[in-house]
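Chains, contacts and geometry: an overview
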Amino acid sequence: MADTEYPDDLIALERSAWEQIQAGTLTVGTARAVREGIDNFVAERKAAGNEVRRMDIELGLKWLVRYKAAA
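Residues numbered from 1 in each chain as written. Predicted model: local features only at pLDDT ≥ 70, side-chain atom pairs only at ≥ 80, totals over all residues. Heavy atoms only, no water.

1. Concerning the packing of helix α2 (residues 28–47) against helix α3 (residues 54–68)
Where α2 contacts α3, the two axes come as close as 10 Å, and the packing angle between them is 125°. The angle between α2 and α3 falls in the class oblique. The chirality of how α2 crosses α3 is right-handed. Contacts from Arg35, Ile38, Asp39, Phe41 and Val42 in α2 reach Arg54, Ile57, Glu58 and Leu61 in α3. (Axes fitted to C-alpha atoms, helices over the stretch in contact; angles between N-to-C directions. Helix = DSSP H or I, 4+ residues; strand = E, 2+ residues; numbered from the N terminus. Parallel < 35°, antiparallel > 145°, perpendicular 65-115°, else oblique. Left-handed = near helix turned anticlockwise from the far one by under 90°. Contact = heavy atoms within 4.5 Å.)

Written out as structure tokens, the structure reads:
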């Protein structure tokens, strides 16, 4: 999780979702876009031969956006 390099577009999607969550305005469309982005990222990593779990990728992305950015 710590050594995963997330694509900029996926980070931007998660950042947008986090901002919407904080404002109480998260939309289904934003949530779906994040979900699909994570699914695609996991599929790409697995296709490249990397052993990854979706949950680890999602938690790592949330940590990067919500906590690392605040540090």
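2. With respect to α2
The terminal C-alpha atoms of α2 lie 28 Å apart, and with 20 residues this matches the ideal 28 Å at 1.5 Å per residue to within 8%. Looking only at α2, the buried set comprises Thr30, Val34, Gly37, Ile38, Phe41 and Val42. For α2, the angular spread of the buried residues around the axis is 130°, confining them to a single face. When the buried face of α2 is taken as reference, the exposed residues oriented beyond 90 degrees from it are Val28 and Ala47. Where α2 is buried, its residues touch α1 (8–23) and α3. After α2 finishes, the residue Gly49 shows a positive phi value of roughly 90°. (Expected span 1.5 Å × (residues − 1). Buried < 20%, exposed > 50% of the residue type's maximum accessible area, 1.4 Å probe, protein only. Arc of directions from axis to C-beta.)

3. Describing the packing of α1 against α3
One way to put it is that α1 packs onto α3 with a least axis distance of 10 Å and a crossing angle of 65°. Of the two possible hands of crossing, α1 and α3 adopt the one that is right-handed. Note on element contacts: α3 touches α1 through Leu61, Lys62, Leu64, Val65 and Arg66, opposite Leu10, Ile11, Glu14, Arg15, Trp18 and Ile21. In the contact of α1 with α3, the residues fall into 7 nonpolar, no polar and 4 charged. (Nonpolar A, V, L, I, M, F, W, Y, C, P; charged D, E, K, R; others polar.)

4. A closer look at the side chain of Glu14
The residue Glu14 is located in helix α1 in this model. Residue classification places Glu14 among the buried residues on the basis of a relative accessible area of 2%.

5. Details of the pattern of salt bridges
Taken as a whole and assessed by the stated rule, the structure comprises 7 salt bridges. Across the pair Lys62 and Glu14 runs a salt bridge, and its minimum N-O distance is 3.8 Å. Remark: Glu14 occurs in helix α1 and Lys62 occurs in helix α3; sequence separation between them is 48 residues. Across the pair Arg66 and Glu14 runs a salt bridge whose closest N-O atoms are separated by 3.7 Å. (Salt bridge = Lys/Arg side-chain N within 4 Å of Asp/Glu carboxyl O.)

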